[in-house]
Amino acid sequence: MSGRVTRRELLAAGGGLALAGLSRPSLAQAAPFDWKKHAGTTLRVITLKFPLAEIQQKRIADFQQLTGIKVDWEALPEDLMRQKIKVEHLGGATDLDVYMSYYGQEGQQFLASGWYTDTVPLIKNPQLTNPDFQWDDFIPAVRDGATVNGQVPIIPDRAQALPILYFRRDLFDQFKLAKPKTWDDVRNAAKVIHEGTNKQVFGIVLRGKGAAATSMLGPVLYDFGGRWADRSSGDIAFNTPEAVAAFDWWGSMLRLYGPPGSVNNHWAEVTSIFSQGRAAMVYDDITFATLFSDPAKSTVAGKVGYAAAPTGPKSEAWRSEPPIAPNSTGLAISGFSKKKEAAWLLVQYLSDRTSSQRYMLQGGLGARQSAWTDPEVAKALDPEFLETGRLSTQINAPGAAPHSIANVSKARDFIGEAVVASILGQDVKAALKTAADRCSELLKEERAKK
Amino acid sequence: MTRWLEAIDRHVPVVFPLPAILLVGSLALYPIAYTLVISTRNYDLGLSNYSVAGLANYAKVLSSSQFWSAFLRTFLFTGLSVVVSTTLGMVMAVILNRDFRGARWARTAFLLPMVATPVATSLVWMMMFNPTLGVLNYLLQLVGLPPSLWVADPQLVIASIVLVDVWHSSPFAMIVLLAGLRSLPREPIESAMIDGATRLQIFRLITLPMLKPVLVVVLIFRTIDALKAFDIIWVITAGGPGTSSETLYVYAYNQAFKYLDLGYGSAVIVIFAAIVAGVTAAWVKAREREWT
């Protein structure tokens, strides 16, 4: 709900920006953007040690030359980074200007504590934001996920995507099957290949290890018309015939056409079964494309096709919805920083098209639309993968458990038992009811304690 | 200075063990006491609240069906593991007690599973159990048997993990029982042989009764060991499929460290500790009866 309003607000903000340009025509538009405004300042940054941060770090020298701002850059392993950022903020330190943050993990806490700076006024101000930055270039779903009640506390550095369907092109050709578009197509293809190869090749492999499966099963649940929870009230809502159909689909696919013992398969087992050529399809996270296409780790390299998450009877209804809860990862400006304008120069510079493009060339999912259409990226990556990724990043995934529950791992374990029951061919309806009842009780407990 | 030394002299029984007492106190007693305290608190890190709960956590534990399922599973696992590993250990001990060529080698070989790191061997077992990629099903098919789901089958998972635990712990039973056999007097056995008793009769009527005190020791150690089994279960199934192999330790671990409900998790652990203490006391009682 809030996401929808927010999107409009942002559009309105864009309109306001245009109006501001009209009222002051000459100054803002004619004069080139002033990068030197804060020359001589020093900024301190704490970020995560990971590929994108390395790309950014290599660009710091250019930034210093462009702006005259000195940057004190510290890249740390994840746990250490989190701890340090928390400790510095709890101590009220004002010399930390920019840090990397995961909204999904820590955002609510940080926002309530005033540790973020809202970047919307900065983005709106043409004196402070260079014309090439273009917030509109970010993928719409990424923008939605980054927006919290009209504020943008983190400038996202990567896109979140739905899981995708990987399939074996050679087997699909052999059995004259088309690229699956719906979950029915997937079932049919799994059956044809499983039976056609005399059960030597599994039709499909999916996660079955209880809680581990729920993040992958979430979109399928929504495709069949189910819901984890009511969007606005947060009440548990997966005790419905639609949810039973979705869980039953997942379980029966594995029972009939999947590997035996699926109830113990996490992503590690699932991906190794597929990369050893034992299965015709796998539906899992998009990041495994690099694994499957690496001849050193995969016997199916060069034979893998990519398809965006297939659809079910009710896909239209939810796939265009704004995110249920905000979720973004990227650089944030500390709420306590005394050099917010200079910090914003750095953040906008590091979140530009160049960073996003270089990240994609390394196999990451860029947050900007321009990176996805960049000629160099198009040349380097499989076009089918690019197209699949583009489609998948436009959709806001429904998550692995009801968004209203704080104890996510407990809720996932409850729901995971229903996944296992379905794979084993037990009563799915009863298992889902038990899971829903337990989740409702957990929610009630949490609400009472709050 | 001399007065100090005199004081130490006078209180030697207190002063000398003091470092050990402090060490044990801080490393063992303090955590136990702290667990007891936490078990009477609302202490849920996920909700960051902390308040006195009295015995509410205990009431919640005892009324939880998941707790009782885990309780039954723990005893099923323990019963199977103790009986099978002790029987197997006894068989191996009897065989190795006879001096044949290569007996020393065999003794060393049988001991290997005991010295292996449980987590590492459990990872290997997990791979061997895999119904698709594992070696166990391959072996079954070699001898013409149908493949099994092993730990992926809720009906078989406890038995499969017992198999791993037996593989691990039978050598312990064997080595203790072998030492017991070696220390038995030869005379009663020799006279029984002269009287024409069969080997089975000798074992059942003479060896076994004489070995009983040692056997009870093995049973006590094996029971404690099996009750607190955690590493192999956690590595191989983490309590799955679903909750089919969730023993009390796994249950407590999930509550405290996965769901971050430390109050409830501590209450489970305290109840569990009481159970282990009770079972051990029962065994010790049984042993005393043997000796009197």
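Shown above is the structure to which this text applies.
Basis of the calculations
Residues numbered from 1 in each chain as written. Chains lettered and ligands numbered in written order. Predicted model: local features only at pLDDT ≥ 70, side-chain atom pairs only at ≥ 80, totals over all residues. Helix = DSSP H or I, 4+ residues; strand = E, 2+ residues; numbered from the N terminus. Rg over C-alpha atoms; globule rule 2.2 N^0.38 Å. Buried ≥ 20, exposed ≤ 12 C-beta atoms within 10 Å, placed from the backbone. Contact = placed C-beta atoms within 7 Å. Pairing = 2+ DSSP bridges. Axes fitted to C-alpha atoms, helices over the stretch in contact; angles between N-to-C directions. Nonpolar A, V, L, I, M, F, W, Y, C, P; charged D, E, K, R; others polar. Parallel < 35°, antiparallel > 145°, perpendicular 65-115°, else oblique. Left-handed = near helix turned anticlockwise from the far one by under 90°.

J.: How would you summarise the overall build of chain B if you had to cite specific residues and measurements?
T.: Broken down by element type, chain B carries 14 helices and two strands. Its C-alpha atoms give chain B a radius of gyration of 24 Å, more than 25% over the compact-globule value 19 Å for 292 residues. Judged by the C-alpha coordinates and their principal axes, chain B covers about 70 × 70 × 35 Å. Counting all 292 residues of chain B, 31% fall into the buried class. Of all intrachain contacts in chain B linking residues separated by at least 6 positions in sequence, the fraction that spans at least 24 positions is 69%.

J.: Can you break down the sheet that holds strand 7 (residues 304-308) of chain A residue by residue, with the values?
T.: Hydrogen bonds along the backbone pair up the strands of a sheet, which may run parallel or antiparallel. Residues and elements named next belong to chain A. Taken together, the three strands give an open sheet; going across it, the order is 6-5-7, and neighbouring strands pair in antiparallel fashion. Edge positions in the sheet fall to strand 6 (281-284) and strand 7, since each of these pairs with one other strand and no more. Each neighbouring strand pair of the sheet contributes to a mean axis angle of 25 degrees, computed without reference to strand direction. Across the sheet, helix 20 (residues 383-393) touches strand 5 (164-168) and strand 7, and the angle it forms with strand 7 is around 25 degrees.

J.: So, the interface of chain B and chain A: which residues are in play, and what are the values?
T.: Facing the 17 residues of chain B at the interface are 19 residues of chain A. Of the residues that constitute the side of chain B that touches chain A, the class distribution is eight nonpolar, eight polar and one charged.

J.: How would you summarise the environment of A:Ala400 if you had to cite specific residues and measurements?
T.: Here A:Ala400 lies in the loop between helix 20 and helix 21 (408-423). Here the alpha-carbon distance between A:Ala400 and A:Lys199, two residues 201 residues apart in the chain, equals 31 Å.

J.: How would you summarise the packing of helix 5 (residues 65-97) of chain B against helix 11 (residues 199-227) of chain B if you had to cite specific residues and measurements?
T.: Residue and element names in this part refer to chain B. Here helix 5 crosses helix 11 at 140 degrees, and the two axes come no closer than 9 Å. As summarised for this structure, helix 5 and helix 11 are arranged oblique, according to the angle between their axes. Helix 11 is crossed by helix 5, and the crossing has right-handed handedness. Touching Thr74, Phe77, Thr78, Ser81, Val82, Ser85, Thr86 and Gly89 of helix 5 are Val218, Leu219, Arg222, Thr223, Ala226 and Leu227, all from helix 11. When its residues are assigned to classes, the contact of helix 5 with helix 11 shows six nonpolar, seven polar and one charged.

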